[in-house]
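The residues making up each chain are set out below.
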Amino acid sequence: TKYSCVLWFFSLQVLNEKKLQEVDSLWKEFETPEKANKIVKLKHFEKFQDTTEALAASTALVEGKLSKNLKKILKKIVAKDAHEQLAVADAKLGGVIKEKLNLSCIHSPMVTELMRGIRSQIEGLITGLPSREMAAMCLGLAHSLSRYKLKFSPDKVDTMIIQAISLLDDLDKELNNYIMRCREWYGWHFPELGKIITDNLTYCKCVRKVGDRSNFASSDVSDILPEEIEEDVKAAAEISMGTEVSEEDINNIIHLCDQVIEISEYRTQLYDYLKNRMMAIAPNLTVMVGELVGARLIAHAGSLLNLAKHPASTVQLLGAEKALFRALKTKRDTPKFGLIYHASLVGQSNTKNKGKISRMLAAKTALTIRYDALGENTSAEMGAENRLKVETRLRLLEERGIRRISGTGKALAKTDKYQNKSEIKVFDPSGDSTLPVVSKKRKIQEVDEQDTEVAVKAKKFKAEMK
């Protein structure tokens, strides 16, 4: 069995292979150093020269690669015991050893339990090393390995994007608070200015340059405001209904305006930095959904590599986890989009088509994320092609309302022009009469019958009179 630890390589030989077959009870054989020495014994020991060499060997083992020192030791083992199997804890490393040295390797749950037992009794298996020195060497190598991983971490660049987008959101919140406070504060002195100047940055620049409203008449703010708005401001300053404030109050308001302008300029610089970073790290994702939405997706997942592991359905709902679980709990309709809702393609579509477009956009976005994270090409051609496909699909969905599919092909639906028809209805008086309507032309038979009835009634009446 080959094993590496701290500042050396060493190999152990299995003495009793029958006990290794009982995987569930193998831990009992390593309860004490005496029992462990009956299972395995030290066969070869190779010490590293310094921590740098140990770090290189440990890094190679973590990455599943074969270092030069390990290759030399295994060649010696092959020369002596070529017929024996080598138990390895990493299947990938075993494949590399078998390919380069033609040495039979084994990797199984039994090997995992055996390695666990060797770690627990390492001090008893290798004699002559005080536990305090071994702990110090372990700690030193652990620190070196951690520094190496942080230095060459592929996720380190993602951290810059995550911090930048988080800071951008924080700056937006602070700017809103500062601007609201500035407008409310200066509004007591010149309330009409807030209605005339709607842009926040222009408002603060104007207040910082002029100060008291009485200075507007003699100040030139043409470099900040257009000519028409400048005239409106000067006219409003003369008839303003605001209260008078002291010079100290104006100085504090001007200082607040300086803060707003500085933060706004820094936000613009930070946005440019984030845009350049996103185009360098995830160009296809940036083309698909934009730099802000792409950065928020990366920040929500933790890194670009973690985001690449998510399926398209998860990418579609990132940021809407609370709504999703609430809908599952209450057995209602689940949300159709999360952070991806803020992408420009979803915003262009109608309310009816937002769900379809977000689903298709998430599918194409998942492909571009994997291409950016795992691909070697840094061009944005794939993102542009997928965006064109989504835009084409969006146009088809938007035109579906005025198109119909016939047997011969697609044609524009023929819709009649709407005309307002106002019909004037005339009152029908025939419904007012309650008498039965008798036709004027009666049949001859009906007239004869009526005459005979009248004659009979007359005879009866004469007889009664007599």
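Per an unreviewed UniProt entry, the recorded name for the protein is Nucleolar protein 58, and the organism is Calcarius ornatus. Recorded in UniProt for the protein, the comment headed Sequence similarities (unreviewed entry) runs: "Belongs to the NOP5/NOP56 family." The UniProt entry for the protein carries this comment under Subcellular location (unreviewed entry): "Nucleus, Nucleolus".

The helix and strand tally for the protein stands at 21 helices and seven strands. Per-residue burial over the protein gives 33% buried out of 466 residues. When the accessible surface of the protein is split by element, carbon and sulfur atoms take 53% of a total near 30800 Å².

Before going further, it helps to spend a moment on the pattern of salt bridges. Under the defined criterion, the tally for this structure stands at eight salt bridges. Arg 296 is the partner of Asp 169 in a salt bridge, and the nearest nitrogen-oxygen pair spans 2.6 Å. Note that Asp 169 is positioned in helix α8 (residues 156–187) and Arg 296 in helix α14 (residues 291–301), a separation of 127 residues in sequence. A salt bridge links Glu 230 to Lys 234, with the nearest nitrogen and oxygen atoms 3.3 Å apart. Linking Glu 230 with Lys 234, this pair stays in helix α11 (residues 227–238), spanning four residues, or about one helical turn. With a relative accessible area of 26%, Lys 234 lands in the partly exposed category.

Counting residues in hydrophobic clusters, the biggest one holds 61 residues, and the most contacted among them are Tyr 186, Leu 193 and Phe 216. At twelve residues, the largest contribution of residues to this core is made by helix α12 (residues 247–281). Two domains each put at least three residues into this core: domain 2 (156–273) and domain 3 (282–398). Contacts of Leu 193, omitting those with residues within four sequence positions, involve Tyr 186, Tyr 203, Val 207, Phe 216 and Val 233.

Before going further, it helps to examine the packing of helix α10 (residues 200–210) against α12. Packed helices, taken two at a time, are described by the angle their axes make and the gap between the axes. Axis separation between α10 and α12 bottoms out at 9 Å; the angle between their running directions is 140°. In terms of orientation, α10 and α12 fall into the oblique class. The two elements α10 and α12 meet at a crossing, and its hand is left-handed. Every residue of α12 that contacts α10 at Leu 201, Cys 204, Lys 205, Val 207 and Arg 208 is listed here: Ile 253, Ile 254, Cys 257, Asp 258, Val 260, Ile 261 and Ser 264. Tallied by class, residues from the contact of α10 with α12 come to eight nonpolar, one polar and three charged.

The rules we used
- Residues numbered from 1 in each chain as written.
- Predicted model: local features only at pLDDT ≥ 70, side-chain atom pairs only at ≥ 80, totals over all residues.
- Heavy atoms only, no water.
- UniProt positions renumbered as here; feature names shortened; annotations may be inferred.
- Helix = DSSP H or I, 4+ residues; strand = E, 2+ residues; numbered from the N terminus.
- Buried < 20%, exposed > 50% of the residue type's maximum accessible area, 1.4 Å probe, protein only.
- Areas by Shrake-Rupley, 256 points an atom, 1.4 Å probe, with all protein chains shown as cover.
- Salt bridge = Lys/Arg side-chain N within 4 Å of Asp/Glu carboxyl O.
- Core = buried A, V, L, I, M, F, W, Y, C linked by side-chain atoms within 4.5 Å.
- Domains from an automatic or database assignment.
- Contact = heavy atoms within 4.5 Å.
- Axes fitted to C-alpha atoms, helices over the stretch in contact; angles between N-to-C directions.
- Parallel < 35°, antiparallel > 145°, perpendicular 65-115°, else oblique.
- Left-handed = near helix turned anticlockwise from the far one by under 90°.
- Nonpolar A, V, L, I, M, F, W, Y, C, P; charged D, E, K, R; others polar.

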